[in-house]
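Okay, here's what each chain looks like letter by letter:
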Amino acid sequence: ILDIGSANGELLYNLNKNYKSCELTGYELLPKLISTARKNLPHSIEIKKIDITKKINISKKFDIIIVSGVISIFDEYEKPLKNLLKILNPKGQIYIFNHFNKYPIDVFIKYRTLKKNKHILQSGWNVHSIEGLKKFFSKNKKKCKVFKFMPKNNFLGNKKDPIRSWTFKNSKNEHLITNGLSILQDQYWLKFY
């Protein structure tokens, strides 16, 4: 199993805890997060600094690739996904978890924080369409299953980092997800196989 954008290793930690027989690998770009992951994870879990937007030369193949909360940082996701297809076993599966648009529209979002880095336009919250991803993977001979994610519990925001998501209840008592961008986030798991 490969975790793309493994950050400080939370997903790998939980996978290791629940699936002891799996060989786990994480690819991350930020050295600080890699360092934290290496401190918190067993040595059997490999963490590598890999930029999947660049040409990669990796001979290892994976049965499962998980891309959780990462796809929205890319304005164009084709190259990173093509790289992942190169390292996926022929009968392997790719799982992508993120906020997606159920309409055939890709939305590109830039934001600026007013207190810190106020001269920098930041990205990371693009909302790609499910249809666009289905078309990409269909061209690469992969089928798709879509699973809507609805949180059952509240999770609170972080006042120091209002870009991080939180939930609130609507009039139907459903938990909805939003953040400091004031955008409702429809979260989905997409399985490509």
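These lines cover the structure that appears in this document, whether it is placed above or below.

1. Some remarks on the pairing of strand E7 (residues 166-169)
No. 1: Examined bridge by bridge, E7 and strand E8 (residues 175-178) share 4 bridges and lie antiparallel to one another. Paired with tryptophan 166 across the bridge in E8 is threonine 178.
No. 2: Between E7 and E8, which pair antiparallel one after the other, the connecting turn spans 5 residues, and asparagine 173 there sits at a positive phi close to 65°.

2. A closer look at the packing of aromatic side chains
No. 1: Per the stated rule, a full pass over the model turns up 7 aromatic pairs.
No. 2: The interplanar angle of 80° and the centroid separation of 6.5 Å between the aromatic rings of tyrosine 95 and tryptophan 189 together place this pair among those described as edge-to-face. Of the two residues, tyrosine 95 sits in strand E5 (residues 88-99) while tryptophan 189 sits in strand E9 (residues 187-192), which places them 94 residues apart along the sequence.
No. 3: Look at tryptophan 189 and you get partly exposed, because its relative accessible area is 31%.
No. 4: When the centroid spacing of 5.1 Å and the interplanar angle of 85° are considered together, the rings of phenylalanine 136 and phenylalanine 137 count as edge-to-face. The same class applies to phenylalanine 136 as to phenylalanine 137, namely buried.
No. 5: Feature note: the residues Tyr77, Phe136, Phe137 and Phe192 constitute an aromatic cluster, connected by ring pairs.
No. 6: Between lysine 191 and the ring centre of tyrosine 193, over which it is positioned, the NZ or CZ distance is 5.2 Å.

3. Some remarks on empty space enclosed by the protein
No. 1: On inspection of all chains with the given rule, the structure shows 1 cavity of 30 Å³ or more.
No. 2: By volume, the largest cavity is sized at about 30 Å³.
No. 3: Around the largest cavity, the lining residues are His99, Ile109, Trp125, Val127, Asn179, Leu181, Ile183 and Gln185.
No. 4: Across the lining of the largest cavity, the residue classes break down as 5 nonpolar, 3 polar and no charged.

4. A look at a positive patch on the surface
No. 1: A cluster of basic residues, Lys55, Lys79, Lys82, Lys86 and Lys139, forms a positive patch at the surface.
No. 2: The element best represented in the positive patch is helix H3 (residues 78-86), accounting for 3 residues.
No. 3: Mapped onto the elements, lysine 139 comes out in helix H4 (residues 130-139).

5. Observations regarding unusual backbone geometry
No. 1: The phi dihedral of asparagine 117 is positive, around 55°, even though this residue is not glycine.
No. 2: Of note, asparagine 117 is situated in the loop between E5 and H4.
No. 3: Even without glycine at this site, serine 182 takes up a positive phi of about 60°.
No. 4: Among the residues examined, serine 182 registers a relative accessible area of 67% and is labelled exposed.

6. Details of the sheet that holds E9
No. 1: Here we have 7 strands laid out as an open sheet, ordered E3-E2-E1-E4-E5-E9-E6, and mixed in their pairing. Because the sheet does not close on itself, it has two edges, and the strands there are strand E3 (46-49) and strand E6 (144-149). On average, each strand axis in the sheet is inclined to that of its neighbour by 15°, with strand direction left out of account.
No. 2: Taken together, the 3 bridges between strand E1 (residues 2-4) and strand E4 (residues 62-68) define a ladder with parallel strand orientation. Among the inter-strand pairings, leucine 2 is bridged to a residue of E4, identified as isoleucine 65.
No. 3: The strands touched by helix H2 (residues 31-40) within the sheet are strand E2 (25-28) and E3, with E3 carrying the most contacts at an inclination of about 170°.

Rules used throughout
- Residues numbered from 1 in each chain as written.
- Predicted model: local features only at pLDDT ≥ 70, side-chain atom pairs only at ≥ 80, totals over all residues.
- Heavy atoms only, no water.
- Pairing = 2+ DSSP bridges.
- Helix = DSSP H or I, 4+ residues; strand = E, 2+ residues; numbered from the N terminus.
- Phe/Tyr/Trp six-rings, centres within 6.5 Å; stacked < 30°, edge-to-face > 60°.
- Buried < 20%, exposed > 50% of the residue type's maximum accessible area, 1.4 Å probe, protein only.
- Lys NZ or Arg CZ within 6 Å of the ring centre and 35° of its normal.
- 1 Å grid on protein atoms, 1.4 Å probe; cavity = no way out; pocket = protein on both sides within 12 Å on 5 of 7 lines; lining within 4 Å.
- Points joined across faces, edges and corners; volume = space filled by probe spheres on them.
- Nonpolar A, V, L, I, M, F, W, Y, C, P; charged D, E, K, R; others polar.
- Patch = residues over 30% accessible without salt bridge, like charges linked within 9 Å, V, L, I, M, F, W, Y side chains within 5 Å.
- Areas by Shrake-Rupley, 256 points an atom, 1.4 Å probe, with all protein chains shown as cover.
- Salt bridge = Lys/Arg side-chain N within 4 Å of Asp/Glu carboxyl O.
- Lys, Arg positive; Asp, Glu negative; His and termini not counted.
- Charge placed at Lys NZ, Arg CZ, Asp CG, Glu CD.
- Axes fitted to C-alpha atoms, helices over the stretch in contact; angles between N-to-C directions.
- Contact = heavy atoms within 4.5 Å.

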